[in-house]
Each structure stands twice: as C-alpha cells, then as structure tokens.
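Now for the letters of each chain:
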Amino acid sequence: MRFLARAGSALITLLIAVAVVFLGVRALPGDPAVALVGQEGDPAALEAVRQQYGLDLPITVQFVKYLEQIVTGNLGTSVRTGMPVSEVIAGAIPVTLELAVVAISVAVAIGVTTGVIAALGRGKATGWLVSVGALIGLSIPAFWLGIMAILVFAIMIPILPASGFVPIDVDPVAHVTHLVLPALVLGSAFAAVIMRQTRAAMLEALTTDYVRTAIAKGLSRRQVVVKHALRNSLVVVATVVGLQLGTLIAGAVVTEQVFVIPGFGKLMIDAVTTRDYPLIQGVVLITATAYIVINLLTDLLYSLLDPRMRIMSGGSA
Amino acid sequence: MSLLDVRDLTVRFSTKKGPVLAVDGLSYHLEPGEIVSLVGESGCGKSVGIMSLLGLQGPQAEISGSARFDDQELLGASERKLRLVRGKQVACVFQDPMSSLNPVVTVGKQVAEVLRRHRGLSAAKARLRVIDLFERVGIPAPAQRYASYPHEMSGGMRQRVMIAMAIACEPRLLIADEPTTALDVTIQAGILELLKELRDGTGMAVLLVTHDLGVVADIADRVIVMYAGRKVEEAEVRALFNDPQHQYTRRLLEAIPQRGGGRDRRLHGIPGTVPTLRDSPDACTFSERCAIASERCHTARPGFAEAGPGQAVSCWHPGAQTAPAVKGAVR
Ligand SMILES: Nc1ncnc2c1ncn2[C@@H]1O[C@H](COP(=O)(O)OP(=O)(O)O)[C@@H](O)[C@H]1O
Ligand SMILES: [Mg+2]
C-alpha cells in the first residue's frame, strides 16, 4: 500500500517536473530556429523551421501537444540532428549506465572496506589515515581529479587511454581500458561519502546492545563486526547510495565531458549549448524519471536489508 | 571450591569530571547450582560489576581485583581465553531483549550462532537444537518462530529467546542483568519461574541482578545488597527478609511494591540519591541518607562483619530498628 501511494506521488512529481522543464527551456535566451538556420538565415527559412517544430504556436498549445507526445512515447525530434529524441537518448543511456554501475561498484567496494577499517581503527594510525584519505577524496573536484588522472596514467605513464569510448562489440579490451579512469574518477568522491557513512554507522553499531550480546556469545571479533555490526550498517549505506545517485549523475556530466564519452551527461551539455529544445526536454524528463524510480528502488532495497521496514510496507510475519 | 569467586573487584572510570568509582572492593562467591541475587538501586554499580567479569566493559574502565571462575582468572584474561568462556561456560541475559537482539537477523539464527561457534554444529543440526531450546523455554510454535525477527515477537518472547541463547551450550553460570525490568509485570513472574526451572533442571548457577528486592524473594537462595559500588549486606534470602541488618536493606524492603501494584517498580521509599563516588571516603557511604546515622557513621567506614549465621553487614549500628516497620517479610 505504502509503495502504491509512493508511486502515485512520484507520478505527480514527474508531471510538475515536465511543466517546469517545458517553461524553463523556453525562458532560455536564444532562439532555436536561429541556432538551426544561422544568424544570417533569411526570414522565410526561419519561419519554415518554426512551423516545422511548432514553435509558432501559442505556448499552452505547445505544452498540450508535448504532453500528448510523451504519453505515446514520442519525445519529439532533435532540432540539431533531425533524429528522434528517444533514439538519441536510448543510444547514450547504456554508456552512462555502464559507467555509473562500474563507478558505484568500485565506490561501494572501496567505501565500505575503508569505512570498516576506519571505524575499527579509531584512535589509531590506520583509522586516521583512512579518514584523511576520504577527506581528500571528498574535497577534490571531479574535473581536476580527471585531468590529473589523464596526466599521470595516460601521459606521464601511458598505460591507459586518455579519453574516448570504444563500443564493446568493436573491441572489448579497449572498451574496458577506456572505462577504468572515468569510473575511478567518478567513483572517488562517492567512495569517500560511503566511507564516511559506513564509519559513522559502524561506530554507532559497535556500541549497541546487540553487539554486546554478540560478544557475550563468545563470537570472534570478525563475526561480531561482519555479521552483526556491518549487517546493520549496510542499511544506512544503501540509503546513502540511493540518495547520492543524483549526485552521481551530476558527476557523470563532468566526467563524460572530461573524458569525451558519448553518454547521457555529454548529451545533456550538448543539448543545452546547441539550444536543442526537444532534446533538452527529453533529457530532463528522463533524468527526473530516473531520479524518482531510483528513490522507489532505494525504498525497496531498504526493506530487503531491514526486515522491520517490511511490516510498514504492508507485508506481515 | 566456589564456581565464581570475586575478590576486591574495583572498577574506575576516568571521566571529564574526574574519576568515577563505580565498583569499590566488591567481594562475593557463587556455588554451583546456587541462585544469588545482586540487589541495589539503579546506578549503584551492578551492571558495571558483572560486565567487567567477562571483559564486556569498554576500554575506558580501569579494573582491578580478582575474579576466578572455576579456578580460572577472568580479570585481565586475553580475549582469546575469554571467548572460550563467554556463551559457553558463562552466559548472559540482558535487561532489554529488544535492543539486545540483532534487529536484522532471525531469532533462530541468532541462537544457532552460539551452537555453531562453541559446539561446531552444522546449520541443519543447530536449527533442530534451537527448536528444542525454544520449546524448552516455552516459546509456542518453535519451528515457525525460528524464522521470526525480533520485532515480530512480544517482549516476553524475546526474553525467552535471549534465555534460549544463554542456555544453548549448557553454561555453568548464567548472569541475568535485570532480566524482567523491561517487561510487563504479568510477564515477569513467568521469566523468573523459567530461570528457576532451568537451574533445577541443569544445575547451573544463576547470578540475578536486580534493583527490586521483590523479584528476589521467590527465586534467590542468597542475596547481596549493594550500595554505591559496595556490598553493604549479604544473607540467605529468608534471613534478609526476616531480619535485615542494614538500614539500606530495610528501605529496599519497604520499597517493594505490593502484589498487583502498578508496573513501576522504582524505589519511591528512599529519600536522596545514590552518590557518585569519586574516591573511597572515610565514612559509611549510606550515612548521608541514613535515618539513624551517628557521629561515627560520618567519620569512619564500617567493616564487613558477621551478623548471624550466613549473614554479614557493613554498618556501625546493625539491626537497629527504626520506624516505619518492615512490610515485606517472606511468606
Ligand atoms: N562508561 C562509563 N563511564 C563513566 N561512568 C560510568 C560508565 N559506565 C557506568 N558508569 C557509572 O557507573 C555507575 C554504575 O553504573 P551501573 O553499573 O550501570 O549501575 P546499575 O547498578 O544500575 O547497573 C553509574 O554511576 C554510572 O554512571
Ligand atoms: Mg544496570
């Protein structure tokens, strides 16, 4: 029940997002027809372009038409390339998705491990080192880290490609090597966030009564930490991962720009710089949808990790 | 030889406000199969005292003295050694069964874990044994309950899970720290009855910690009364109820709630609060709150002296009668 209610409110959020984007895009300075035809284009050509894309109609009519299109799965045609927006986006999403999944996996692996080490080593040199490392990871901007990574691993010690993207069916090895640096750069700030959350959650878990019970049972330190303290801390970590996915997408925009990867983030920037209205609308619509779906999924994952949440979502013992 | 022999147990904490003396020279012993109750108001050092025995007190605690379990020194023993004692020879039940159980692990698994650790049982064998244990501690539908999470059970059932966990490896000593304090009055008697039954059935000794003398009457053999980190009186349960020697014991007896009374079993009867000891003072620690305190009580610390068969007290005026009269004599 709770899940249905959440899905309903998600839909409303989505509708509002569409309206805001639609109006926001039209408030941007610059005329898309001019961008397409060129500054010196003759008035007749401009008029023809405006008619072709419905830019001459009243704004309310444009919005209703746009909504109709969305419902039928038609996101319009990209002004600049003439290709359907849905196709352009569908081509870019898998690239970003792969980058994000690799980055998240790397970040969770690094973040959780170092978080546990930092918590167990509190007050010792190890804990301090890990915490300082995380602070540095958090404070370095992604674009600077990206440029430094290119400088070190592609130019000074040329073991990895500096930029670009190779589809997996063209060359699987090159595909992976091209992903390593961007995934590390994108994941680093994320890993630092996860590390700090894991550390805090672990420190709290280690003082709980159930950890005392686990120790009183005669369990080994490893069993106490992994089976009892960490298991509970992961609930917190999962939430953080979910909440931070939006930030990750923002990070992907920068990372893809730095490494010249034809993903969703790069598409977003290209769409804005070329005033490609339909593409901007499509990109933001997809982003908003993704954001809302991710939040719903986080809820679901949360209830998987924490059995107490299951009762609230309508299940029972 | 005693099963547990605690001598001069002292626990100090260094805090920002200075040192706190939570337990001050506590000595007692426990024989096999005996139920001994450690009684005193909240904050008098009961929990700190017993947690120190198994190394469950954090590293801030400064512990000295000796605690021999079965001729094995527990204080200062290595973690490796303690792990062989914990859960296997000495098991614990804590006050709040909700927070003492891991919320994200099924209760069955939490009990099975002890058996797998100390008995090396396979998951399947441990499961069967846990279902047996659940039945033994009075959990209905034990096979179904195996897969329940703590939040799906009532407080009383959770405490039964804790008890099943504690007796899983047939320990020789069960330490129960306020096992009924967080439970409804109606549930409390059942849990105490269960502890007594288990003692009768297995011969394990029980160290029952409580702030409520009323809990003690029906099940303890011997009682140790603590005040501000010290033992002030020790006696067989009958002697203690019929002929209390220390003024503090008297007050505790008066504070026992009447049968069927409300669920709040806090001590209303004693004015003042337990002092937080900074250092061992040259005075009886109870003198500030004592109705019959004399000059000497404020300037010298009474020793621990025999007051009758199996009864001893730390008081300059043992057995002195004061109004109001004792209400809670043993049936
Ligand atoms: N970690 C600690 N640091 C400082 N003081 C503590 C700590 N733990 C317990 N104490 C103090 O020790 C005293 C005894 O506490 P405790 O053993 O929990 O009492 P109780 O008899 O209610 O179980 C209390 O005054 C408490 O404030
Ligand atoms: Mg206590």
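Source: prediction; values computed, not measured.

Moving on: helix H6 (residues 125-139) of chain A. All names here are of chain A. The terminal C-alpha atoms of H6, which comprises 15 residues, lie 21 Å apart, in line with the 21 Å expected from a rise of 1.5 Å per residue. Those residues of H6 lying buried are Gly-127, Val-130, Ala-134 and Gly-137. Buried residues of H6 fall within an arc of 90° about the axis and therefore sit on the same side. For H6, the exposed residues set more than 90 degrees away from the buried face come down to Ala-125, Trp-128, Leu-129 and Ser-139.

A separate point is the environment of B:Gln57. All names here are of chain B. Within the element layout of this structure, Gln-57 appears in the loop between helix H1 (46-53) and strand S4 (61-69). Of the residues examined, Gln-57 reaches a relative accessible area of 21% and is grouped as partly exposed. Distance in space between the C-alpha atoms of Gln-57 and Phe-286 is 26 Å, their sequence separation being 229 residues.

Our focus in this paragraph is the site of ligand 1. Residues and elements named next belong to chain B. Contacts to ligand 1 come from Phe-13, Thr-15, Ala-22, Glu-41, Ser-42, Gly-43, Cys-44, Gly-45, Lys-46, Ser-47 and Val-48. Within the contact set of ligand 1, an oxygen atom lies 3.3 Å away from a backbone nitrogen or oxygen of Cys-44. Between an oxygen atom of ligand 1 and a main-chain N or O atom of Val-48, the distance comes to 2.8 Å. Protein contact buries 66% of the 560 Å² of open area that ligand 1 shows by itself. Those elements giving two or more residues to the shell around ligand 1 turn out to be strand S1 (4-15) and H1. With three residues, the single largest contributor to the shell around ligand 1 is H1. Tallied by class, residues from the shell around ligand 1 come to four nonpolar, five polar and two charged.

What follows deals with the packing of aromatic side chains. Scanning the entire structure with this criterion turns up five aromatic pairs over all chains. Residues B:Tyr227 and B:Phe286 carry aromatic rings whose centres are separated by 4.9 Å and whose planes lie at 85° to one another, so their mutual orientation is edge-to-face. Residue B:Tyr227 is found in strand S9 (residues 222-227), and its partner B:Phe286 is found in the loop between helix H11 (247-254) and helix H12 (295-299); the two are separated by 59 residues along the sequence. Exposure class is identical for B:Tyr227 and B:Phe286. Each is buried. Following the ring pairs from residue to residue traces out a cluster consisting of A:Phe22, A:Phe63 and A:Tyr66. In this structure, A:Arg212 is placed above the aromatic ring of B:Phe94, and the distance from its NZ or CZ to the ring centre is 3.8 Å. We note B:Arg127 situated over the ring of B:Tyr146; from NZ or CZ to the ring centre the distance is 5.0 Å.

Okay, the interface of chain B and chain A next. If you look at the interface, chain B gives 24 residues, while chain A gives 23 residues. Buried area between chain B and chain A, both sides added, is near 2200 Å², and the carbon and sulfur share of it is 59%. Per-residue buried area on chain B facing chain A is highest for B:Val104, B:Glu113 and B:His151; these three make up 27% of the total on that side. The tally of links from chain B across to chain A stands at one salt bridge. For B:Glu113, the salt bridge is made with A:Lys217, and the minimal N-O distance between the two is 2.6 Å. Our count for the contact surface shared by chain B and chain A stands at 13 residue pairs in polar contact (both at pLDDT 80 or more). Of all the secondary-structure elements, those providing two or more residues to the side of chain B that touches chain A are helix H3 (97-100), helix H4 (107-119) and helix H7 (155-167) of chain B. Among the elements that line the side of chain B that touches chain A, the one with the most residues is H4(B), at five residues.

To continue, consider the confidence of the model for chain B. All names here are of chain B. The pLDDT averaged across chain B works out to 90; a share of 92% of its residues lies at or above 70. Across residues 323-331, confidence stays below pLDDT 50; counting only partners more than four residues off in sequence or on other chains, it has 21 contacts. Model confidence for the complex: the whole-complex pTM is 0.80, and ipTM, which rates the interface, is 0.90.

To continue, consider the UniProt feature "domain: ABC transporter" (unreviewed entry) in chain B. Using the residue numbers shown here, the UniProt feature "domain: ABC transporter" (unreviewed entry) corresponds to residues 6-253 of chain B. Taken end to end, residues 6-253 of chain B comprises 40% helix and 27% strand; its first and last C-alpha atoms sit 26 Å apart.

Let us look at the UniProt feature "domain: ABC transmembrane type-1" (unreviewed entry) in chain A. With numbering matched to this structure, UniProt assigns "domain: ABC transmembrane type-1" (unreviewed entry) to residues 93-302 of chain A. Across residues 93-302 of chain A one finds 83% helix and 0% strand; the C-alpha atoms that close the span lie 26 Å apart.

What follows covers the pairing of S1(B). Regular strands have side chains that alternate between both faces of the sheet. Residue and element names in this part refer to chain B. Direction of pairing for S1 relative to S4: antiparallel, over a ladder of eight bridges. Its bridge partner being in S4, Val-6 is matched across the sheet by Ala-67. Of the strand pairs in this sheet, S1 and strand S2 (residues 18-30) are connected by nine bridges, and their pairing is antiparallel. Counterpart to Ser-14 in the pairing with S2 is Pro-19.

Rules used in this analysis
Residue positions are given per chain, counted from 1 along the sequence in the order it is written. The lettering of chains begins at A and the numbering of ligands begins at 1, in the order of writing. Given that the model is predicted, a residue must reach a pLDDT of at least 70 before its local features are reported, and side-chain atom pairs must reach 80 or more before they are shown or counted; all residues, however, enter totals for whole chains, interfaces and linings. Excluded from the side-chain calculations are hydrogens and water; all other atoms, namely the structure's heavy atoms, are used. Strands are runs of DSSP state E lasting at least two residues, helices are runs of H or I lasting at least four, and both sets are numbered from the N terminus onward. Multiplying 1.5 Å by the residue count of a helix minus one yields the expected span of that helix. Whether a residue is buried, partly exposed or exposed follows from its accessible area with a 1.4 Å probe, protein chains only, as a fraction of its type maximum: under 20%, in between, or over 50%, in that order. This arc corresponds to the set of directions leading from the helix axis out to the C-beta atoms. Residues are classed as near a molecule or strand on a simple rule: at least one heavy atom within 4 Å of it. In protein, a polar contact requires one atom able to donate a hydrogen and another able to accept it; more generally it is a pair of N or O atoms within 3.5 Å, and residues adjacent in sequence count only if both atoms are side-chain atoms. With residues, only the protein chains shown are counted as cover, and all accessible areas are computed by Shrake-Rupley using a 1.4 Å probe. Polarity classes work like this: nonpolar for Ala, Val, Leu, Ile, Met, Phe, Trp, Tyr, Cys and Pro, charged for Asp, Glu, Lys and Arg, and polar for all others, with Gly in that last group. Each aromatic pair joins two rings of Phe, Tyr and Trp (for Trp, the six-membered one) with centres within 6.5 Å, and gets the label stacked for planes under 30 degrees apart, edge-to-face for over 60, and tilted for any other angle. A ring has a charge above it when a Lys NZ or an Arg CZ is no more than 6 Å from the ring centre and no more than 35 degrees off the ring normal. Pairs of residues are marked as contacts when any of their non-hydrogen atoms sit within 4.5 Å. Two parts placed together each lose some accessible area under a 1.4 Å probe, and the buried area is that loss summed for both. A pair is scored as a salt bridge if a Lys or Arg side-chain nitrogen falls within 4 Å of a carboxyl oxygen belonging to Asp or Glu. pLDDT measures how confident the predictor is about each residue, on a scale from 0 to 100. UniProt positions are given in the numbering used here, feature names are shortened, and annotations may be inferred rather than shown by experiment. Pairing between two strands is assigned when DSSP locates at least 2 bridges connecting them.

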